[in-house]
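# Observations on the three-dimensional arrangement
Read off the chains here:
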Amino acid sequence: MYGIFLRQKAEFECFQIELAKNYGTVEWREDIKGILMKAGIQYQQLTFLFVDTQIKDESFLEDVNNILNSGDVPNLYSFDEQEEIFNAMKPVVQDLGQQPTKANMMAAYTKRVRNNVHTVLCMSPIGEIFRARLRQFPSLVTCCTIDWFNEWPTEALMSVANTYLGELPELESRPGIMTALLLRTAEDVAKMQEELESMRPLLEEAAQDTVTTMEKIKVDTAIAEETRKAVSEEEAKASAKANIAQSIADDAQKDLDEALPALDAALASLKSLNKNDVTEVRGMQRPPVGVKLVIEAVCIMKGIKPKKVAGEKPGTKVDDYWEPGKGLLQDPAKFLESLFKYDKDNIPDSIIKSIQPYIDNEDFMPAAIAKVSKACTSICQWVRAMHKYHFIAKAVEPKRQALREAQEDLDITQKILEEAKSRLEDVELGISALEAKYLDCITKKEELENKCEQCEQRLIRADKLLNGLSDEKIRWQETIQNLNHMINNVVGDVLIAGGYVAYLGPFTGEYRAAMNEEWLAEFVTLGLPHTKESNLISTLGDAVKIRSWQERDQGLDIFKITDRDFLRSLENAIRFGKPCLMENVGEELDPALEPVLGLEDQLLGRVVAQERPDLEDAKNQLIVSNAKMRNELKEIEDQILMRLSTSEGNPVDDVELIKVLEASKVKAGEIKIKVTIAEQTEKDIDITRLQYVPVAVRTQILFFCVSDLSNVDPMYQYSLEWFLSIFMSGIANSERADTVEKRIKLINNYFTYSLYLSVCRSLFEKHKLMFAFLVCVRIMMNDNKIDMDEWHYLLSGGTIRTPTPNPASDWLSDRAWKDIQSLSSLKHFANFTEDFINYLDEFQEIFDSPEPHRQTLPGDLEIETNSFQRLLIMRCLRLDKVTNAMQDFVALHLGQRFIEPQTSDLSTVFKDSAPSVPLIFVLSPGTDPAADLYKFAEEMKFSKKMSAISLGQGQGPRAEAMMRNSMERGKWVFFQNCHLAPSWMPSLERLIETVDPDKVHRDFRIWLTSLPSNKFPVSILQNGSKMTIEPPRGIKANLMKTYMNLTNDFLNSCSKVSDFKALLLSLCLFHGITIERRKFGPLGFNIPYEFTDGDLRICISQLKMFLEEYTELPFKVLKYTAGEINYGGRVTDDWDRRCIMNILADFYNSDVLEQGFVYSESGIYRQIDTESELEGYLEYIKTLPLNDTPEIFGLHDNANITFAQNETSVLLNCLILLQPKTSGGGGKGVEEIVEEICGNILAKIPQLIDINLVMEKFPVMYEESMNTVLIQEVIRYNRLLQTIVQSLRDLLKALKGLVVMSSQLELMAASLYNNTVPELWNSKAYPSLKPLASWVQDLLERINFLMKWITDGIPAAFWISGFFFPQAFLTGTLQNFARQSVISIDVISFDFKVIGNSPFDLDRPKVGCYIYGLFLEGARWDQALFQLGESRPKELYTDMAVIWLNPTANRKIPQQGIYLCPIYKTLTRAGTLSTTGHSTNYVIAVELPTIKSQRHWIKRGVALICALDY
């Protein structure tokens, strides 16, 4: 606003950058350069308005900082631009009296820039970013004047509105004026009849005057002819005499022309002399002979007397011109001027006679004189020219005399001629006057005749006008009434239109319509006059013009989304109704395009065109014909009104108007009938066309389901063209039907499944159910079969209003009870908590069922709850079974085929390919499709016509050459690992884009492999044929894959055949376990390592080698090479390394060599007879279960529940990524929900803890490290609380529009809506996996723990989960002991003892500390046996008893009877090394008593967790 104000007040030009999707540093620099050069070079006053929402890169602010500080930006100008600046500044600097150095010119330029560029920065003061920018760029403060803008008061807004509304002009009713003109026509008819009678006598008088004047003209014309003849004779005589005089003059001039060149040359030579040349001659003391001759000659020509001087002989006198000549040269300018003005036409003969000897003297030639003096040479030329001119002028003088006499005679003759011409002119003037009089008479006569004729015609036309417009009068009166109605409603209608233009541009059509309805309802409330269904088109649109856009043959505008001015081009296309083609659209559209594109209409047009081409053609023809007819009718009406309104006289005089009226009446009648018929036909067509809307709606839903998949994985890219090809194929191949309704159902079902199959081919297995479920849900949402609040709960959970105790704590987890309570916040489940308590036994039966999702719900819930709502109940009770419930849900609503395994082979993918359509293998870690591709190439007889290369650094040129060669010869190219060559991907994209199917060999194909990568070109993914490649799932599949690649020869190739076969099976089982153990998440390994078949192959090779080399089996070597090097080389976590070595010990030991050895308690996985050949091993592998049981992994059966819960969480998180940013109907809006959440959290968050009070009460003491720990914790929590409160307040302001909604606040709002902790908070907080509601509650409990510590003193037992940084607390405990005992802290470690008492019944120990609040995962604490015990079924986490950490010096770790259990902050377990040297997740390892071996619990994945994920 300030920039606009400044521009208006000072008439400055206001400039703002225009942000586009591809706007970057280069474009920014060009804009800045343009501003500075315009201000500096053109000296133009400019206002640069820059808003913080335009800061795409922080480097923008660095340049602004430089402009504010110095008026310049370093390295901004190119060499040519610097030259342009210097050229412009050079005269400026010179005017200032300075030297035009580069430094001075640039300083002057910079000064102009600083004087002329007025920078206006508009920034929101909200958040940390603004403060950071002020610190980073100090000129934003020091070089700016800060002006705070507050919200306008209501009174000011009303004042502005009233002022502008008061300026509305009064509107006139043009048709009303036209009607008034027509009413006067009848009165004019009587007047015209009287006028006609009075004009007839005047017409006869004018005819008589015309005859008289014509006779007088004949007499005067004869006299004029005689005078004209005499004038011609005198003109002939004068012409002859003039020719004689001219010939004499020419002859004389010819003689003079001979002398003039020499004279001109002499004068030119004299002009070349300067003062110094003449002074040089005068200064000669001993002038050469030539100089003397020249001086003598010029003195003679000037008539200067010589001086008598003594001659060579004594007593003689000779003439000496040197001294007089020097006097002549005294004033060089005067001397030269005298030569120029010399009277050459009157040179005396005596002078000519005196000068003749000099002329004849060879030493007086210019060439000779030139050797001694330049000035004398010119004077010599002048003398000789004067001499020559004299004789020629003398010869010409007689001829001049003859010319004077001839001229005198000619003058006499001319005088006689002029007198004759004067007489002729007088006669002709008289004739002209008569002719004028004659013409006046004729004109008057014709005028009277025309007036008579006009009156007669007027009477005829008036009759036609009155009769012709009798019908129009009624219609125009109706129009006047409509216009009066419109004038009355203009304020409301224009306000609606203004609202559209000002506010609704960025939004979708659906949102615009909703806002329009809301505004109209408010108009009714306020009593504001408006048209009933007012909108932008009805107020400002022209229906005929809008229709004509559909038929106009306009030039196609083609532009790319990367063009800098693509939005301007699009704006012009919309404004002027021109078609446009946008090329190279990327993976996401610019937000500015969303309101313009609507997909449903396009799809409807395609399906109708395919199903009923006759209707679509008729529709298009009607659009054209209707537009033409309405346009013609509108033009006729406009022409009539235009002629009536612009007619200055009587309308009956407008002949064209009468003709138009006659034609229009007939035409209007015809058009009216045609328009009525056409509109009815169009309605009939639209009714039929609308029958196919369900197909378009379904297709649109499916398209956005597909297009949204890129949010889940960057390789899931699909083009609209690809989608439409499947759509059109679905219409063509689906079954026909007798009725439209059945046909629509068949098309929808066929296309939905066809698309599902095509998409699933390119989806990873973990995402196929998600896609099927998404399709199903989106279809049901469109049918309003899913409540949006319930959908939101499924994805993100809910919040508990009033917590109550768990009524079934013996079998129901706290997590499930919390979810049940939060479910009651939904309208349909308002009484669910009570129902659950009333039916505890029935729900326990469901809970314990192996298929709880298929159990009958108790009471009325079975009837009242639909299939989707059952998913919510399952989410609460058994999260691990939600995916199974989703499968049943999809099968119920879409069909069983949507959940059946989908397989595809290379031949299917190959069918969809073409020379310009690449084939893409999307890999998962550990997969390689090369072998399958080579096999397929052999089947297609292309094994010898395929070139392959693994991409990487420097391989790009080789790959390009290979591709070009294959394009010419019709070969296949196989580019592997595209993700390893991201820099070459744009080149690959360009190469594929340039493939012309008509020019390359038709057999050419390009095969690509890549891991998921956001660097992979989107256009290749969208236009290619994709197929995902995944490793086999399950131990059975892994074993089968390995043994299928072995041979009997290999099995028997080792000298120790029996040992080799036995250990090979063990090794393959170990490999399968390490791969499949990842699916259990942190229970399996803290970090999901990507073990590959290559690791197995190396171990097999080493196994065979060591068996051959060693006499005894080298188990120690085998375990080390496999566990520490081959597999262990990938392991980065020490606890994972401990796990993998313990697992390997089960498979690399002497026991596995015995036939019948079992690898698990069930005996399913066992050692078979080593006499078996390969077929025997394959047969055994086939007997293994398809789905692995946790026991083979050493895990508890509950691990499957953990795996299923993780799978569900991943699926739900993926669905969250696919959600639009606005909510649909049926629930609260996103902003309303977010605002409510913000308010609730702000109400709960306590005030900051008074750090000064804490430091005063708990000062830093050497004897008590806990004081320091407390202060540090308070500082950290205060920082977090401050961030939470400030960000929530900023978000509330942004939601109300008081500040700009920054990207950070927008992300925060999305997190709050999805019940997740915002990243802004996480960055300042402790590690946590809890959802937002639980996280807030946990934070409050942590604050309460600190407040109780502050209030009551150091606690007896510490809630270790409540510490921000528990490692500091542990270190503090060790420090206390070290200082008390005066022992080095380096030799102190903890001894661990589990305490049976409640933490609240304990006193603080004298040594060490008690900790509580931990949870066991993978096991439970047996309070009765006081040791680790196996988990109960479905009991994933259990509370751990109090542990006493007792510092002990030089302590030795027990070797048995304990399990060294790591403590982690969160369930993810994996962490990174922080700046403090501690892990961000791992805390410490404690020793827990057990009667089982430590290996048992290691394989179980047992760990202690500080905080769960609920």
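Residues numbered from 1 in each chain as written. Predicted model: local features only at pLDDT ≥ 70, side-chain atom pairs only at ≥ 80, totals over all residues. Heavy atoms only, no water.

### Points about the overall build of the chain
Per the secondary structure count, the chain includes 56 helices and 23 strands. Expressed as a percentage of the 1510 residues in the chain, the buried residues total 45%. The long-range share in the chain, meaning contacts at least 24 apart out of those at least 6 apart in sequence, stands at 75%. Put simply, the chain shows about 78800 Å² of open surface, and 52% of that area lies on carbon and sulfur atoms. (Helix = DSSP H or I, 4+ residues; strand = E, 2+ residues; numbered from the N terminus. Buried < 20%, exposed > 50% of the residue type's maximum accessible area, 1.4 Å probe, protein only. Contact = heavy atoms within 4.5 Å. Areas by Shrake-Rupley, 256 points an atom, 1.4 Å probe, with all protein chains shown as cover.)

### Some thoughts on helix α32 (residues 840–848)
Structural remark: α-helix, 3.6 residues per turn; residues separated by three or four positions point the same way. For α32, every residue scored as buried is listed here: Phe843, Ile846 and Phe847. The arc that holds the buried residues of α32, viewed along the axis, is 100°, so those residues lie on one side. Turned more than 90 degrees from where α32 packs its buried face, Asp841 and Glu845 sit exposed. On its buried face, α32 sits against α31 (832–838), α33 (861–864) and α34 (867–877). (Arc of directions from axis to C-beta.)

### Some remarks on the pattern of salt bridges
For the structure on display, the rule yields 31 salt bridges. We note a salt bridge from Arg29 to Asp63, for which the minimum N-O separation is 3.0 Å. Separated by 34 residues along the polypeptide, Arg29 in helix α2 (residues 25–40) and Asp63 in helix α3 (residues 58–70) bring together distant segments of the chain. Classification of Asp63 as buried rests on a relative accessible area of 6%. If you follow the salt bridges from partner to partner, you end up with Glu30, Lys33 and Glu81 in one network. (Salt bridge = Lys/Arg side-chain N within 4 Å of Asp/Glu carboxyl O.)

### Observations regarding the packing of aromatic side chains
A complete count under the given rule lists 72 aromatic pairs for this structure. On the basis of an interplanar angle of 45° and a centroid distance of 6.1 Å, the ring pair of Trp28 and Phe48 is categorised as tilted. In this pair, Trp28 is assigned in helix α2 and Phe48 in strand β2 (residues 46–51), connecting sequence segments 20 residues apart. By relative accessible area, which is 2% here, Phe48 ends up buried. Grouping aromatic residues by their ring pairs yields a cluster made of Phe1070, Phe1085, Tyr1089, Phe1091, Tyr1127, Phe1147, Phe1157 and Tyr1159. Geometry around Tyr793 places Arg875 over its ring, the cationic atom sitting 5.7 Å from the centre. In this structure, Lys1079 packs its charged tip against the face of Phe1203, placed 5.2 Å from the ring centre. (Phe/Tyr/Trp six-rings, centres within 6.5 Å; stacked < 30°, edge-to-face > 60°. Lys NZ or Arg CZ within 6 Å of the ring centre and 35° of its normal.)

### Some remarks on the pairing of strand β5 (residues 317–320)
Where strand β4 (residues 307–310) and β5 come together, four bridges link them in antiparallel fashion. Within β5, the position partnered with Ala310 by the bridge is Lys317. Linking β4 to β5, which pair antiparallel, is a turn of six residues; within it Gly315 sits at a positive phi near 85°. (Pairing = 2+ DSSP bridges.)

### Some details on the side chain of Arg1077
If you trace the backbone, Arg1077 turns up in the loop between α43 (1057–1076) and α44 (1093–1109). There is no salt bridge for the buried Arg1077, and the closest opposite charge comes from Asp1136, which lies 7.3 Å off by N-O distance. There is a polar contact of 3.4 Å between the side chain of Arg1077 and the backbone oxygen of Leu1083. In terms of polar contacts, Arg1077 uses its side chain to reach the backbone carbonyl oxygen of Lys1499, at 2.6 Å. Ignoring sequence-local partners within four residues, the contact set of Arg1077 consists of Leu1083, Gly1084, Phe1085, Cys1139, Ile1143, Phe1193, Leu1195, Ile1498, Lys1499 and Gly1501. (Lys, Arg positive; Asp, Glu negative; His and termini not counted. Polar contact = N/O pair within 3.5 Å; in protein donor to acceptor, adjacent residues only side chain to side chain.)

### Considering the sheet that holds β2
Taking strand neighbours across the sheet as the criterion, the three strands line up as β1-β2-β3 in an open arrangement whose pairing is parallel. Pairing within the sheet leaves two strands with one partner each, and these edge strands are β1 (13–15) and β3 (117–122). Sheet twist, expressed as the average angle between the axes of neighbouring strands with direction ignored, equals 25°. Across six bridges, the pairing between β2 and β3 is parallel. Considered in β3, the bridge of Phe50 is made with Leu121. Where α2 meets the sheet, its contacts fall on β1, β2 and β3, and the angle it forms with β2 comes to roughly 155°. (Axes fitted to C-alpha atoms, helices over the stretch in contact; angles between N-to-C directions.)

### Things to note about helix α55 (residues 1366–1381)
Compared with an ideal rise of 1.5 Å per residue, which puts 16 residues at 22 Å, α55 spans 23 Å between its outermost C-alpha atoms and is within 8% of the ideal. Listed in full, the buried residues belonging to α55 are Pro1366, Gln1367, Ala1368, Phe1369, Leu1370, Gly1372, Thr1373, Leu1374, Asn1376, Phe1377 and Ala1378. Turning to α55, the residues buried within the fold contact α51 (1265–1295), β13 (1357–1359), β14 (1388–1395), β15 (1409–1412), β20 (1442–1449) and β22 (1482–1489). Looking one or two residues beyond α55, the residue adopting positive phi is Val1382, at roughly 55°. (Expected span 1.5 Å × (residues − 1).)

### Description of the packing of helix α41 (residues 1035–1044) against α43
Here α41 crosses α43 at 130°, and the two axes come no closer than 9 Å. The angle between the axes of α41 and α43 places the two elements in the oblique class. The hand of the α41/α43 crossing is right-handed. Of the residues in α43, those in contact with Ile1035, Asn1038, Leu1039, Thr1042 and Tyr1043 of α41 are Leu1064, Leu1065, Cys1068, Leu1069, Gly1072, Ile1073, Ile1075 and Glu1076. Looking at the contact of α41 with α43 residue by residue, the class counts come to nine nonpolar, three polar and one charged. (Parallel < 35°, antiparallel > 145°, perpendicular 65-115°, else oblique. Left-handed = near helix turned anticlockwise from the far one by under 90°. Nonpolar A, V, L, I, M, F, W, Y, C, P; charged D, E, K, R; others polar.)

### Considering the sheet that holds strand β23 (residues 1503–1505)
Within the open sheet, the five strands sit side by side as β19-β16-β23-β21-β22. Their pairing is mixed. Two strands close off the open sheet at either side, each with one partner strand: β19 (1437–1439) and β22. Within this sheet the neighbouring strands show an average axis-to-axis angle of 35°, counted without direction. As judged from the two bridges shared by strand β21 (residues 1458–1464) and β23, these two strands associate in the parallel manner. Bridge assignment links Ile1463 to a residue of β23, and that residue is Leu1504. Contacts from helix α46 (residues 1134–1147) reach β21 and β22, with the element oriented near 145° to β21.

### Digging into a nonpolar patch on the surface
Together, Trp152, Leu157 and Val160 line one region of the surface with nonpolar side chains, adding up to about 290 Å² of accessible area. Tracing the backbone shows Val160 in helix α8 (residues 154–166). (Patch = residues over 30% accessible without salt bridge, like charges linked within 9 Å, V, L, I, M, F, W, Y side chains within 5 Å.)

### Overview of the nonpolar core
One recurring pattern in soluble globular proteins: nonpolar side chains tend to sit buried together. Core analysis: the biggest nonpolar cluster contains 143 residues, and Tyr1043 and Leu1312 have the highest contact counts within it. For this core, the element with the highest residue contribution is α51, accounting for 15 residues. With residues up to four places along the chain from it excluded, the contact list for Leu1312 reads Val1234, Ile1237, Cys1238, Ile1241, Leu1288, Leu1291, Pro1318, Trp1321 and Leu1332. Counting residues in hydrophobic clusters, the runner-up holds 115 residues, among them Cys705, Met728, Phe832 and Ala981. (Core = buried A, V, L, I, M, F, W, Y, C linked by side-chain atoms within 4.5 Å.)

### Points about the packing of helix α10 (residues 275–282) against helix α13 (residues 332–340)
Between α10 and α13, the shortest axis-to-axis distance is 9 Å and the interhelical angle comes to 100°. Taken together, the axes of α10 and α13 are roughly perpendicular relative to one another. Each of Lys275, Val278 and Thr279 in α10 lies in contact with α13, whose residues at this interface are Pro332, Phe335 and Leu336. Taken together, the residues of the contact of α10 with α13 break down into four nonpolar, one polar and one charged.

### A short note on unusual backbone geometry
Of note in this structure, Asn784 is not a glycine but carries a positive phi near 60°. Given a relative accessible area of 71%, Asn784 falls into the exposed group. Positive phi, close to 65°, is recorded for Lys1434, a residue that is not glycine. Within the element layout of this structure, Lys1434 appears in the loop between β18 (1427–1429) and β19.

### Quick look at the confidence of the model for the chain
Chain-level pLDDT for the chain is 83 on average; 86% of the residues reach the 70-or-more range. Throughout residues 1–9 the model reports pLDDT below 50, and contacts reaching past four residues in sequence, or to other chains, amount to 17 contacts. The model gives residues 170–175 a pLDDT under 50, and that stretch makes ten contacts with residues more than four places away or in other chains. (pLDDT = per-residue confidence, 0-100.)

### Some details on the environment of Lys881
Note that Lys881 resides in the loop between α34 and α35 (882–893). What Lys881 contacts, discounting residues up to four positions off in sequence, is Pro850, Pro852, His853 and Met874.

### A short note on the environment of Cys376
Among the secondary structure elements, Cys376 is positioned in helix α16 (residues 374–468). Look at Cys376 and you get buried, because its relative accessible area is 0%.

### A closer look at a negative patch on the surface
Side chains of Asp841, Glu842, Glu845 and Asp848 sit close together on the surface and give a patch of like negative charge. Looking at where Asp848 falls in the secondary structure, it is placed in helix α32. Asp848 sits in the partly exposed class, given a relative accessible area of 41%. (Charge placed at Lys NZ, Arg CZ, Asp CG, Glu CD.)

### Considering the environment of Gly797
You can see Gly797 is positioned in the loop between α29 (788–796) and α30 (814–823). Owing to a relative accessible area of 10%, Gly797 belongs among the buried residues under this scheme. Gly797 sits 78 residues away from Arg875 along the chain, and the two C-alpha atoms are 8.8 Å apart. Among all residues touching Gly797, those that are not within four sequence positions of it are His792, Arg875 and Asn1315.

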